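# Inside the fold
Listed below are the residues making up each chain.
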Amino acid sequence: MQDSTTDEPKLANDSQPTEFSDAASKPFVGRWHQLASETNWEKGRIILQWRNALIEAKAPSSQYSDEAWANRVGFVTCQHVGRLRRVFERFGETYGEYPKLYWSHFWAAIEWDDAELWLEGASNSRWSISQMCRMRAESMQLADGQTTESVMAIESERIQAESDDGFLDSTSSASGN
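Everything numeric here is computed off the predicted structure, so don't read it as measured data.

## Side note on the overall build of the protein chain
Looking only at helices and strands, the protein chain has 7 helices and 2 strands in total. When its helices and strands are written in sequence order, the protein chain yields β-β-α-α-α-α-α-α-α. Considering the protein chain as a whole, with its 177 residues, one finds that 32% of them fall into the buried category. By sequence separation, contacts in the protein chain at least 24 residues apart represent 48% of the contacts at least 6 residues apart. Total accessible area on the protein chain stands at roughly 11800 Å², and carbon and sulfur atoms take up 51% of it.

## Digging into the packing of helix α1 (residues 19-56) against helix α3 (residues 78-91)
Two elements in contact, α1 and α3, have axes separated by 8 Å at closest approach and are oriented at 90°. Viewed along their axes, α1 and α3 adopt a mutual orientation that is roughly perpendicular. For the pair α1 and α3, contact is made by Asn40, Trp41, Lys43, Gly44, Arg45, Ile47, Leu48 and Arg51 and by His80, Val81, Leu84, Arg85, Val87, Phe88, Glu89 and Phe91, respectively. Its residues assigned to classes, the contact of α1 with α3 shows 8 nonpolar, 3 polar and 5 charged.

## Digging into the packing of aromatic side chains
One pass over the structure, following the stated rule, counts 8 aromatic pairs. Considering the side-chain rings of Trp103 and Trp107, the 6.5 Å spacing of their centres and the 5° angle between planes classify their relative orientation as stacked. With Trp103 and Trp107 both in helix α4 (residues 103-109), this residue pair falls 4 residues apart, about one helical turn. Every member of this aromatic cluster is reached through a ring pair, and the members are Trp41, Phe88, Phe91, Tyr95, Tyr98 and Phe106. Stacked on the ring of Trp107, the Lys or Arg Arg83 has its end atom at 5.9 Å from the ring centre.

## Quick notes on the nonpolar core
Formed by 31 residues in total, the largest nonpolar core has its most connected members in Trp41, Val87, Phe91, Phe106, Trp112, Leu119 and Met132. Elements represented by at least two residues in this core include exactly α1, α2 (66-73), α3, α4, α5 (115-125) and α6 (129-139). Residues in contact with Leu119, not counting those within four places in the same chain, are Phe91, Tyr98, Leu101, His105, Phe106, Ala109 and Met132.

## Here we look at unusual backbone geometry
The phi dihedral of Phe75 is positive, around 60°, even though this residue is not glycine. For Phe75, the location among the structural elements is in the loop between α2 and α3.

## Re α2
By the burial criterion, the buried members of α2 are Asp66, Ala68, Trp69 and Ala70. Buried positions along α2 lie against α1 and α3.

Conventions adopted
Residues numbered from 1 in each chain as written. Predicted model: local features only at pLDDT ≥ 70, side-chain atom pairs only at ≥ 80, totals over all residues. Heavy atoms only, no water. Helix = DSSP H or I, 4+ residues; strand = E, 2+ residues; numbered from the N terminus. Buried < 20%, exposed > 50% of the residue type's maximum accessible area, 1.4 Å probe, protein only. Contact = heavy atoms within 4.5 Å. Areas by Shrake-Rupley, 256 points an atom, 1.4 Å probe, with all protein chains shown as cover. Axes fitted to C-alpha atoms, helices over the stretch in contact; angles between N-to-C directions. Parallel < 35°, antiparallel > 145°, perpendicular 65-115°, else oblique. Nonpolar A, V, L, I, M, F, W, Y, C, P; charged D, E, K, R; others polar. Phe/Tyr/Trp six-rings, centres within 6.5 Å; stacked < 30°, edge-to-face > 60°. Lys NZ or Arg CZ within 6 Å of the ring centre and 35° of its normal. Core = buried A, V, L, I, M, F, W, Y, C linked by side-chain atoms within 4.5 Å.

Set out below in structure tokens:
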């Protein structure tokens, strides 16, 4: 495509994906998310095994805290270590029953006492995380003054507030200070 005012090739806005780039990128983005999901499960498994080994060895709790692991491996926040550990601790034995879901689905559902029901629905129906949260919110008996939108806003805020990428640059401390 040419710019008629300059006779130079017209460049697409690099920050705006095109239909072609979306289609061409889809398998790579899918592989990326799958890899990140698998990696999070393995990281959670390692953290929990390390923690359990130190507990069994009767180490002081400060030695097996999320912050201790973050400091030991570097470049990850203790908050992210805690997320990885807690998600694996809760769903580590059952996540394989939901092969179509990403780790993030489990993170979103970690505080739900009916999580397995919604994870199954998300897996069977191929729901995104926000769709899963919305379906759950719509099915809940809401308290006075609550709406599906207000519940969704609270869930969204909780997930976003605790969902940084978990990595630090080399000048940051693992404890988040």
